[in-house]
Structure formats: C-alpha cells, structure tokens
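The chain contents come next:
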Amino acid sequence: MSAVRLVSAVSKERAPLRLGLLGCADIAQRRALPSLARVPDFALTAVASRDAGKAKLFASRFGAAPVARYEELLAREDLDAVYIPLPAALHAPWAGRALAAGLHVLVEKPAAATAEEAARLTRLARERGLVVMENFAFVHHTQQEAVRTLLAEGAIGELRSLSAEFAFPSLVDTDIRYRRELGGGALLDAGVYPLRAARLFLGDELEVTGATLREDPGHGVDVAGAALLTGPTGISAHVSFGFVHSYRCGYTLWGSAGRISLDRVYSAPDDFAPKLTWERDGRIEERRLAPDQQFTELFRRFAAAIRREDVTGPAQDLERQARLVERIAATARRFPR
C-alpha cells in the first residue's frame, strides 16, 4: 500500500468519503456517529476496538464492518479517513500512524499535548497532502456566529475582556480522566475548551500572563486550574476549568458599553436552544437562539477540507492550540488540592 492513497477525481468529487472509527468511545456512540449519519459526504465503513464485542456492537448499530485491532483498521484499503476518539495520551500517536497510512484524520481534543507533538503531526500531514483536524465542534455552532454579529454591530462597544469557564463536579474514581498515563487532568480535558474560546474571539497572539493548576496527589493529575491571557492590544481573557466545581459551561464578553454571555457553550445537545444574555445601559435582554447540530457541522467541515485539499488551515489551528496549552502547563504555579 502506498503512503498516500489515491482517489480518482470523479470519486473525490461525488462518492462519499469512507471513514473508519478508531476506538469505540462514549462520545462516538452518543454524539459523533449519529451526527455522521446525517452527512452524505461520509460513509462509515469500519469500526475498530480492542474489545471485539464492542466493535461488533458499534458496527451492527451503525452499519459498518467490525475490526478487532487498530492496526488492522489502518491497513484496510477501503478507507479515506479516520475519526479518533481514544484517550488523550493516544491521540497524537494514533493520528500519526493514520497519517502515515495515507488517511485523513479527525482527532478528538487535545490532538496534541505539546507543540512538538503537534508539529510532528502537521508536518506529516503536509508532507502527504492530508488533512488533520482537531475536534472542537462548539466553534461551528451558530451561537458563536450570533455573538460575532453582535460584536461587529457594536452591541457592547469595544471589547475589553473575556471570561470563559468549563467545569463540573468530581468524577467517579475510576474515570480515565484521573489516569495520568492516559493523558488525564483538567487542563487537557476541560481547560482546552475555554482556551479555544479565547482564541476564537481574541486571536492567536495570546500571551500567558499567569496560570495555576491544582493537583490531586492521589491521582497525580491536575483537577482544576485557571489562566490569565493577554492579547497584543491588551484585551485580556480569564479562563477557569476543573473537576471540583459546580457545573459551568459558558463565557462572557465584556465591552466598553455592555456584556454578552452564553450558557452551555461547549456541549450543547442538538435540540438545545442556547440562551444569550445581552446587558447594556442598565437593561438586560435574554434571547433564545436556534438549536444547532454542531457535530454534524464539524463532519461537514472535515469533508469540505478534504475535498478542497485544505491541508494548511486545520493543521495551523491544531498547532496554535497545542502551543497555548503547553505554555500554560509549563508556566503554571501548582498547588495541592
């Protein structure tokens, strides 16, 4: 098999892209695969799990062939791309193997925990003319466009700062997010979301002014944290995240003349109508926005990038996210829980 799989011009434009699932994670069953079924650009072809029973269960439910080993799936000749929802520490290694096998890759966040890992992935993707995309489905939800429109219209004057939070109560003791060897910890699981939100509105030239991580000695992972970021024009972002909080999943943009807040930003179900709160001149207006299928739109964007041969855009985004996460991990003051 050649390093890069060749697809005819006719099939590239018209036939569905053949997708393999590498890992039968809960997120794939609940959100990703039902959303994929609504995207005619893709056809789920094969499902791999180290648990043969789970592979058969997923395959029968979603109309694909079960595969017992990840290596077997990557060796198949009937795939164009893979979706990888494995534990965090396995994202970069298996994304690299998939790219080396000539496959486009959609990988769960974080695609890479360090800038070096990200650079290796994106270099491989560029060398082979392949798309590697990190899954931040929330950026494709129409609620983000509603906020951008209000900002452009001057609804809160000039933007001064952003605060973004994603946190939830303690997990069960056996949860893989407490396992250091699998890439556990609050920064890589929850913190990456508000960091991506900060980049969405303040751009990619963010400096880490300060950061903290609170660590659980028993599990050996961080369970909470915060960071102060500053953009090149002085606009600031304060992000908070963790596993030891009451639930919070939103952000607030604060301007010279008002504020905009959104709830349920990162994990909105398909039928959820987001609530946008707009404050200005002492008045508070609440708007219910239309529900949206952010995972469905994610797969549409992935397919479009493949068909346009947009190797650069998704790769740059992945690298910028990894650099920011790495800077926080490297500079944070650490405290025991």
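Residues numbered from 1 in each chain as written. Predicted model: local features only at pLDDT ≥ 70, side-chain atom pairs only at ≥ 80, totals over all residues. Heavy atoms only, no water.

Participant: Before we move on, could you go through the overall build of the protein chain and cite the residues and values that matter?
Facilitator: Along the backbone of the protein chain there are 10 helices and 15 strands. Reported as C-alpha extents along the three principal axes, the dimensions of the protein chain are approximately 60 × 45 × 35 Å. Going through the 337 residues of the protein chain one by one, you find that 52% of them count as buried. Partitioning the contacts of the protein chain with sequence separation of at least 6, the portion at a separation of at least 24 is 69%. In the form shown here, the protein chain has an accessible surface area of approximately 14800 Å², with 51% of it arising from carbon and sulfur atoms. Taking the average place of the 45 positive charges on the side chains of the protein chain and the average place of its 42 negative ones, the gap between the two points comes to 1 Å. (Helix = DSSP H or I, 4+ residues; strand = E, 2+ residues; numbered from the N terminus. Buried < 20%, exposed > 50% of the residue type's maximum accessible area, 1.4 Å probe, protein only. Contact = heavy atoms within 4.5 Å. Areas by Shrake-Rupley, 256 points an atom, 1.4 Å probe, with all protein chains shown as cover. Lys, Arg positive; Asp, Glu negative; His and termini not counted. Charge placed at Lys NZ, Arg CZ, Asp CG, Glu CD.)

Participant: Just give me the short version of the sheet that holds strand E15 (residues 333–336), but keep the residues and values in it.
Facilitator: Here nine strands make up an open sheet; going across it, the order is E14-E13-E12-E11-E7-E10-E9-E8-E15 and the pairing mixed. At either end of the open sheet lies a strand with only one pairing partner, and these are strand E14 (283–288) and E15. Here the average twist between neighbouring strands, direction ignored, is 10°. With seven bridges connecting them, strand E9 (residues 221–230) and strand E10 (residues 236–242) associate as antiparallel partners. Directly across from Gly 225, in E10, lies its bridge partner Phe 241. (Pairing = 2+ DSSP bridges. Axes fitted to C-alpha atoms, helices over the stretch in contact; angles between N-to-C directions.)

Participant: Go over the pairing of E10, please, and point to the residues and values.
Facilitator: Counting buried positions along E10 gives five out of seven residues, so the element sits mostly inside the fold. In terms of strand pairing, strand E7 (residues 159–167) meets E10 through seven bridges, oriented parallel. Directly across from Phe 166, in E10, lies its bridge partner Phe 241. Taken together, E9 and the strand that follows it, E10, pair antiparallel across an intervening segment of five residues, in which Gly 234 is found at a positive phi of about 95°.

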